[in-house]
Amino acid sequence: MSTKITIAIDGYSACGKSTLAKALAKALDYSFIDSGAMYRGASLFFHRLGYVSEKHIDREAIENAIKDLKLCFKIDNAKNCLYLHNENIEDEIRQAHVANIVSKVATIKAVRVALVKQQQRMGQNGGIVMDGRDIGSIVFPNAQLKLFVTASPEIRAQRRFAELQEKGIPQSLEEVRSNLTKRDHVDSTREESPLIQVKDAIVLDNSTLTKKEQLEWVLEKAKTIIRSNH
Ligand code: CDP
């Protein structure tokens, strides 16, 4: 019997979910999926088709085009990267023109249905850590470990700002702050699978924890569950 479990990590924008998920997957030798990258990739695809911008969205055109969307993750230079058809879009999906439309696109049911289906397929054998907004509630409601990560809004803004600077993506702290506030609002108030803290999730406030401390905290919990599953 496989002892590999499924780990779902949800939380607000830029709370460090992906950093934690990636480190946890590495420590457990599991696969890691950043579901947010997939919503960003879908948004870039529809943006290029002219169906969505900061000012408008053509929901019907998006619903009709969703069947043409092909996203996958591939390792490039030892980094897990998102591909749209044959193009590595990992850098572009972090830029402002995508960050500013992604939450709008993520409200569309047809988009969510398609991406959730692909995410569930990727996790069907367990041994996966996936982070996002609806992982513990919709994608893997039976995940053996569910985490809800939070950090104060100012700390999240500072962390994302530093991350973008490091990647050479130009955005002011004010722009980052405003984008996070707007996305948090849309993500937690939308009709389709809003961001919620499910009852069986463990809350992790990492405002004052280092990356190493949060990893140790979660790894301990994961290992206990894996041992009891054996
Ligand atoms: O990294 P960050 O926390 O800024 O965001 P992300 O995980 O890359 O997700 C980008 C956006 O995709 C979110 O603000 C949501 O609108 C959407 N999303 C979602 O609706 N459901 C998910 N499972 C993951 C992301």
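As shown above, the structure is provided for reference.
Treat the numbers as computed from the prediction; the structure is a model and nothing was measured.

Cut-offs used in this document
- Residues numbered from 1 in each chain as written.
- Predicted model: local features only at pLDDT ≥ 70, side-chain atom pairs only at ≥ 80, totals over all residues.
- Heavy atoms only, no water.
- Near = heavy atom within 4 Å.
- Polar contact = N/O pair within 3.5 Å; in protein donor to acceptor, adjacent residues only side chain to side chain.
- Areas by Shrake-Rupley, 256 points an atom, 1.4 Å probe, with all protein chains shown as cover.
- Helix = DSSP H or I, 4+ residues; strand = E, 2+ residues; numbered from the N terminus.
- Nonpolar A, V, L, I, M, F, W, Y, C, P; charged D, E, K, R; others polar.
- Pairing = 2+ DSSP bridges.
- Axes fitted to C-alpha atoms, helices over the stretch in contact; angles between N-to-C directions.
- Contact = heavy atoms within 4.5 Å.
- Parallel < 35°, antiparallel > 145°, perpendicular 65-115°, else oblique.
- Left-handed = near helix turned anticlockwise from the far one by under 90°.
- Disulfide = S-S within 2.5 Å.
- Buried < 20%, exposed > 50% of the residue type's maximum accessible area, 1.4 Å probe, protein only.
- Core = buried A, V, L, I, M, F, W, Y, C linked by side-chain atoms within 4.5 Å.

A. Examining the site of the ligand more closely. Not every one of the 19 residues close to the ligand is listed here, only the nearest: R40, D134, R160, R183 and D187. The separation between an oxygen atom of the ligand and a polar side-chain atom of K17 is 3.0 Å. Taking R112, its side chain carries an N or O atom lying 2.8 Å from an oxygen atom of the ligand. Considered on its own, the ligand offers 530 Å² of accessible surface; in the complex 98% of this is hidden by protein. The leading source of residues in the shell around the ligand is helix α2 (residues 35–48), at four residues. Here the shell around the ligand is built from residues that sort into five nonpolar, five polar and nine charged.

B. Representation of the sheet that holds strand β4 (residues 79–84). A sheet is described by the order of its strands in space; here three strands give the open sequence β3-β4-β5, paired in antiparallel fashion. Where the open sheet ends on each side, the last strands, each with one partner, are β3 (71–76) and β5 (87–88). Direction of pairing for β3 relative to β4: antiparallel, over a ladder of six bridges. Directly across from C72, in β4, lies its bridge partner Y83.

C. Local environment of the environment of V113. Within the secondary structure layout, V113 lies in helix α6 (residues 109–122). In this structure, the C-alpha to C-alpha distance between V113 and A151, residues 38 residues apart in sequence, is 29 Å.

D. Highlighting the sheet that holds strand β2 (residues 31–34). Taken in spatial order, the five strands line up as β2-β6-β1-β7-β8 in an open sheet, and their pairing is parallel. Whereas interior strands pair on both sides, the edge strands pair on one side only; in this sheet they are β2 and β8 (202–205). Direction aside, neighbouring strands of the sheet carry axes that sit 20° apart on average. Pairing geometry for strand β1 (residues 6–11) and strand β7 (residues 145–150), over five bridges, is parallel. Its bridge partner lying in β7, G11 is registered against V149. Relative to β1, helix α1 (residues 17–28) is tilted by about 165°, and along the sheet it contacts β1, β2, β6 (128–132), β7 and β8. Sheet strands touched by α2: β2 and β6. Its angle to β2, the strand with the most contacts, is close to 40°.

E. The arrangement of the packing of α2 against α6 in detail. Contact geometry for α2 and α6: axes closest at 11 Å, N-to-C directions at 140°. By the angle class used here, α2 and α6 are oblique. In the packing of α2 onto α6, the handedness of the crossing is right-handed. Note on element contacts: α6 touches α2 through V111, R112, L115, V116, Q118, Q119 and M122, opposite S35, M38, Y39, A42 and F46. Across the contact of α2 with α6, the residue classes break down as eight nonpolar, three polar and one charged.

F. Focus on the state of the cysteines. Within this structure, the stated rule accounts for zero disulfides. For C81, which is in no disulfide, the shortest distance to another cysteine sulfur is to C72 and amounts to 11 Å. C81 gets classed as buried once you look at its relative accessible area, which sits at 4%.

G. Up close: the packing of α1 against helix α10 (residues 211–229). Relative to each other, α1 and α10 sit at 50°, their axes nearing to 10 Å. Comparing their axes, α10 and α1 come out oblique. Considering how the two elements wind past one another, α1 and α10 form a crossing that is right-handed. Of the residues in α10, those touching α1 at T19, L20, A23, L24, A27 and L28 are K211, Q214, L215, V218, L219, A222 and I226. Broken down by class, the residue content of the contact of α1 with α10 amounts to 10 nonpolar, two polar and one charged.

H. Here's a closer look at the nonpolar core. Residues F46, L69, L71, V111 and L115 are the most contacted members of the largest nonpolar core, which totals 34 residues. The residues contacting F46, other than those within four sequence positions of it, are Y51, V52, I62, A65, I66, V105 and V111. Grouped together as the second largest cluster of nonpolar side chains are 20 residues, I9, C15, L20 and V129 included.

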